[in-house]
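# Reading the structure
Residue strings, one per chain:
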Amino acid sequence: MSRRPLALLAEDEMPQREALRALLTELWPELQLLVCADGIEALEAIAEHEPDVAFLDIRMPGANGLAVAEALKARCLVVFTTAYDEFAIKAFEAGAVDYLLKPIRRERMVEAIGRLQARLADAKPIDMAAVLKTLQTHLPAPATRERLRWITASLADSTRLIAVDEVLYFHAQEKYVRVVTASVEALIRTPLRELLEGLDPDRFWQVHRSVIVRADAVDRVRRDELGKWQLFLRDRDECLPLSSAFQHRFRAM
């Protein structure tokens, strides 16, 4: 590879993110780094920059490391970082990717970098679908969380209880999140990231850093004259931004 390789680093915990950044900078100085604080940032960076390597924390808010790796479609080499025990890591010796157990030891990173550099030179294809399937099978299941059913929101000078099933979309704006139904628009202070963790992922999709939409409320998507994607809801006049990182959800439309 004649140009400097480009790597994406996605880790939501700042101390671990900075430690990993420092270690990579020291041990692989020619590597260019894109640093992301969560899975959503990572998806957007991948769509824009197309990195050669991705270091992905397996458990991240918004979109976990497995979802980010799936979006890569084997276009780059993936190294997962994980806090889980060795039993999960030993199950995957496919050689296409590496797995670094936190806290990441210096000698282990040296070994991973050597493997990555060899594979970048070899340009061997990766069967990422098989790796992800195996990884999903062996990882411990995340702690279950009861789904949100009701949201308490501010409406003018009153407080209103809104059923989640009635919500068309959530839109983060500065310090608040707009909660929009067919007949009501209210404000809450709950961060979008926290909302996403409590919503049914089959019914509510994140489509932009600032937007979560109810999937069955979507009418169509289209690209505007500037090349930006927009999302339209059924029986609504407004359009919502659609990030390139989430366009794959609507390819069949």
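Structure's up top.
Described in the following lines is the structure provided in the data block. Please read these numbers as outputs of a predicted model, since none were measured by experiment. (Residues numbered from 1 in each chain as written. Predicted model: local features only at pLDDT ≥ 70, side-chain atom pairs only at ≥ 80, totals over all residues. Heavy atoms only, no water.)

## Some points on the overall build of the protein
Scanning the protein from N- to C-terminus turns up seven helices and 15 strands. Across the 253 residues in the protein, those meeting the buried criterion constitute 44%. Looking at the protein alone, contacts between residues at least 24 apart form 55% of all its contacts between residues at least 6 apart. Looking at the protein as shown, the accessible area adds up to about 14000 Å², and 49% of this sits on carbon and sulfur atoms. (Helix = DSSP H or I, 4+ residues; strand = E, 2+ residues; numbered from the N terminus. Buried < 20%, exposed > 50% of the residue type's maximum accessible area, 1.4 Å probe, protein only. Contact = heavy atoms within 4.5 Å. Areas by Shrake-Rupley, 256 points an atom, 1.4 Å probe, with all protein chains shown as cover.)

## What about the sheet that holds strand E2 (residues 32–36)?
On the basis of which strands lie adjacent, the open sheet formed by five strands has the order E2-E1-E3-E4-E5 and parallel pairing. Among the strands making up the open sheet, the edge pair consists of E2 and strand E5 (98–101). Within the sheet, the average angular offset between the axes of one strand and its neighbour, ignoring direction, is 20°. Lying over the sheet, helix H1 (residues 14–27) contacts strand E1 (6–10), E2, strand E3 (53–57) and strand E4 (77–82), oriented at roughly 175° with respect to E2. (Pairing = 2+ DSSP bridges. Axes fitted to C-alpha atoms, helices over the stretch in contact; angles between N-to-C directions.)

## Re the side chain of Thr81
Summarising the element assignment, Thr81 is placed in strand E4. On the basis of relative accessible area, Thr81 is assigned to the buried category, the value being 2%. With sequence-adjacent residues up to four places away left out, Thr81 is seen in contact with Glu11, Leu20, Leu56, Asp57, Ile58, Leu100, Lys102 and Ile104.

## With respect to the packing of helix H2 (residues 39–49) against helix H3 (residues 65–72)
Two elements in contact, H2 and H3, have axes whose closest approach is 9 Å; the angle formed by their N-to-C orientations is 10°. Relative to H3, the element H2 is oriented roughly parallel. Together, Gly39, Ala42, Leu43 and Ile46 of H2 and Ala67, Val68, Ala71 and Leu72 of H3 make up the contact between the two elements. For the contact of H2 with H3, the class distribution of residues is seven nonpolar, one polar and no charged. (Parallel < 35°, antiparallel > 145°, perpendicular 65-115°, else oblique. Nonpolar A, V, L, I, M, F, W, Y, C, P; charged D, E, K, R; others polar.)

## Remarks on unusual backbone geometry
Put simply, Lys102 and Pro103 share a cis peptide bond, and its omega is -10°. In this structure, Pro103 sits in the loop between E5 and helix H5 (106–122). Positive phi values are uncommon outside glycine, yet Glu50 reaches one of about 50°. If you trace the backbone, Glu50 turns up in the loop between H2 and E3. Here Glu50 falls in the exposed class, since its relative accessible area comes to 55%. Backbone geometry places Asp235, a non-glycine residue, at a positive phi of 60°. Mapped onto the elements of the fold, Asp235 is located in the loop between strand E14 (229–233) and strand E15 (239–242). On the accessibility criterion, Asp235 (83% relative accessible area) is exposed.

## Some points on H3
All buried positions along H3 are accounted for by Gly65, Leu66, Val68, Ala69 and Leu72. All buried residues of H3 fall inside an arc of 160° around its axis, so they share one side. Measuring from the backbone nitrogen of Leu66 back to the side-chain oxygen at the start of H3 gives 3.1 Å, which picks out Asn64 as the cap. After H3 finishes, the residue Lys73 shows a positive phi value of roughly 55°. (Arc of directions from axis to C-beta. Polar contact = N/O pair within 3.5 Å; in protein donor to acceptor, adjacent residues only side chain to side chain.)

All quantities given are derived from atomic positions and should not be read as evidence of function.
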